[in-house]
Amino acid sequence: MFSLSVAAVVFGVVFLAELPDKTALAGLMLGTRYRASYVFAGVAAAFLVHVALAIAAGSVLTLLPHRLVQAIVGVLFLAGAAVLLFKKDDDEEEVKKPADQSFWKVSGAGFMMILVAEFGDLTQIMTANLAARYGDPVSVGIGAVLALWAVAALGILGGRTLMRFVPLKLITKIAACVMIVLAGFSLYEAIAG
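Reading the values: the criteria
- Residues numbered from 1 in each chain as written.
- Predicted model: local features only at pLDDT ≥ 70, side-chain atom pairs only at ≥ 80, totals over all residues.
- Heavy atoms only, no water.
- Helix = DSSP H or I, 4+ residues; strand = E, 2+ residues; numbered from the N terminus.
- Buried < 20%, exposed > 50% of the residue type's maximum accessible area, 1.4 Å probe, protein only.
- Contact = heavy atoms within 4.5 Å.
- Core = buried A, V, L, I, M, F, W, Y, C linked by side-chain atoms within 4.5 Å.
- Phe/Tyr/Trp six-rings, centres within 6.5 Å; stacked < 30°, edge-to-face > 60°.
- Lys NZ or Arg CZ within 6 Å of the ring centre and 35° of its normal.
- Polar contact = N/O pair within 3.5 Å; in protein donor to acceptor, adjacent residues only side chain to side chain.
- Axes fitted to C-alpha atoms, helices over the stretch in contact; angles between N-to-C directions.
- Parallel < 35°, antiparallel > 145°, perpendicular 65-115°, else oblique.
- Left-handed = near helix turned anticlockwise from the far one by under 90°.
- Expected span 1.5 Å × (residues − 1).
- Patch = residues over 30% accessible without salt bridge, like charges linked within 9 Å, V, L, I, M, F, W, Y side chains within 5 Å.
- Areas by Shrake-Rupley, 256 points an atom, 1.4 Å probe, with all protein chains shown as cover.
- Salt bridge = Lys/Arg side-chain N within 4 Å of Asp/Glu carboxyl O.

**Student:** What is the right way to read the side chain of Thr123 from this model?
**Tutor:** The topology assignment puts Thr123 in helix H6 (residues 122–134). When its relative accessible area of 5% is taken as the criterion, Thr123 is described as buried. Apart from the residues within four sequence positions on either side, Thr123 is in contact with Val14, Ala17, Glu18, Glu118 and Leu148.

Encoded structure:
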């Protein structure tokens, strides 16, 4: 059963966590070189694969005792917040331009770049945590996919403009604070059970 409130919470958390990540910058880079729709198609497909894997991992976590899962989820949210607060800005790797700018070459380049770069990424782990927390894989999956697609679209169509108005450090701090609040709720449920 679909829950709009769960999807909205997941969207907000994943969107804020992914916005300062390499996806927006990679999308921006690819979007300036290639047709935006081709880039988005590849990136969107890669994120769909990532979310499906995260939901599967989160669904496995729901088989464990509820208090244990809440404790694990709380600790992972705290770890995610720490990663956001203490990560250093890395220079993004350059992606080689395909010789052929056909749909399959461009979307394939976007797909492979995101598939490799985002595997095991913070937002994938967060999505698994949220799936375990809410026990609602459809709502979590839809919220996460839409958030990742929104970040990719922002990156592809106007990442530089957004970064001029909203400092990256502020976005990162907001995402970390949201994760700390979620960690608090999860740890409280684990203790109060």
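**Student:** Looking at this model, I keep getting lost on the nonpolar core. Mind explaining?
**Tutor:** Across soluble globular proteins, you tend to see nonpolar side chains buried next to one another. Ranked by size, the top nonpolar core spans 41 residues in total, and within it Val10, Val14, Val39, Phe77, Met126, Leu130 and Val140 carry the most contacts. Those elements giving two or more residues to this core turn out to be helix H1 (4–18), helix H2 (22–33), helix H3 (36–61), helix H4 (66–86), helix H5 (103–117), H6, helix H7 (137–165) and helix H8 (168–192). At 8 residues, the largest contribution of residues to this core is made by H7. Among all residues touching Leu130, those that are not within four sequence positions of it are Val10, Val13, Val14, Phe77, Gly135, Val140 and Leu182.

**Student:** Help me out: how do you make sense of the packing of aromatic side chains in this one?
**Tutor:** Two descriptors summarise a pair of aromatic rings, namely the distance from one centre to the other and the angle between the planes of the rings. Scanning all chains against the criterion turns up 4 aromatic pairs. Within the aromatic cluster, the residues linked to one another by ring pairs are Tyr38, Phe103 and Trp104. One cation-aromatic arrangement involves Arg133 over Tyr134; the distance from NZ or CZ to the ring centre is 5.5 Å.

**Student:** What am I meant to see in the side chain of His50 here?
**Tutor:** Checked against the element boundaries, His50 lands in helix H3. A distance of 3.1 Å separates a polar side-chain atom of His50 from the backbone oxygen of Leu115. Within the structure, the side chain of His50 is placed 3.1 Å from the side chain of Gln124, a separation counted as a polar contact. Among all residues touching His50, those that are not within four sequence positions of it are Ile114, Leu115, Glu118, Phe119 and Gln124.

**Student:** What am I meant to see in the packing of H1 against H6 here?
**Tutor:** The relative placement of two packed helices comes down to the angle between their axes together with the axis-to-axis distance. Running from amino to carboxyl end, H1 crosses H6 at an angle of 160°, the nearest separation of the two axes being 10 Å. Compared by their axis directions, H1 and H6 come out roughly antiparallel. The way H1 lies across H6 gives a crossing that is right-handed. Along the contact surface, H1 presents Val6, Val9, Val10, Val13, Val14, Ala17 and Glu18, while H6 presents Thr123, Met126, Thr127, Leu130 and Tyr134.

**Student:** Even after reading the chapter, I still don't get H1, so can you show me in this structure?
**Tutor:** Quick reminder: α-helices carry 3.6 residues per turn. Residues three or four places apart thus point the same way. In a regular helix each residue adds 1.5 Å, so 15 residues correspond to 21 Å; H1 covers 21 Å between its end C-alpha atoms and thus fits that length. Listing the buried residues of H1 in full gives Val6, Ala7, Val10, Val13, Val14, Phe15, Ala17 and Glu18.

**Student:** Please clarify how the environment of Phe119 should be interpreted in this entry.
**Tutor:** Secondary-structure assignment places Phe119 in the loop between H5 and H6. Setting aside its immediate chain neighbours within four residues, Phe119 contacts His50, Leu53, Ile114 and Gln124.

**Student:** Hey, could you run me through a nonpolar patch on the surface in this one?
**Tutor:** The grouping of Phe2, Leu4, Phe11, Val138, Ile142 and Leu146 at the surface amounts to a nonpolar patch, some 540 Å² of accessible area in total. When contributions to the nonpolar patch are tallied by element, the ones reaching two or more residues are H1 and H7. No other element matches the 3 residues that H7 contributes to the nonpolar patch. Note on placement: Phe2 falls in the segment before H1.

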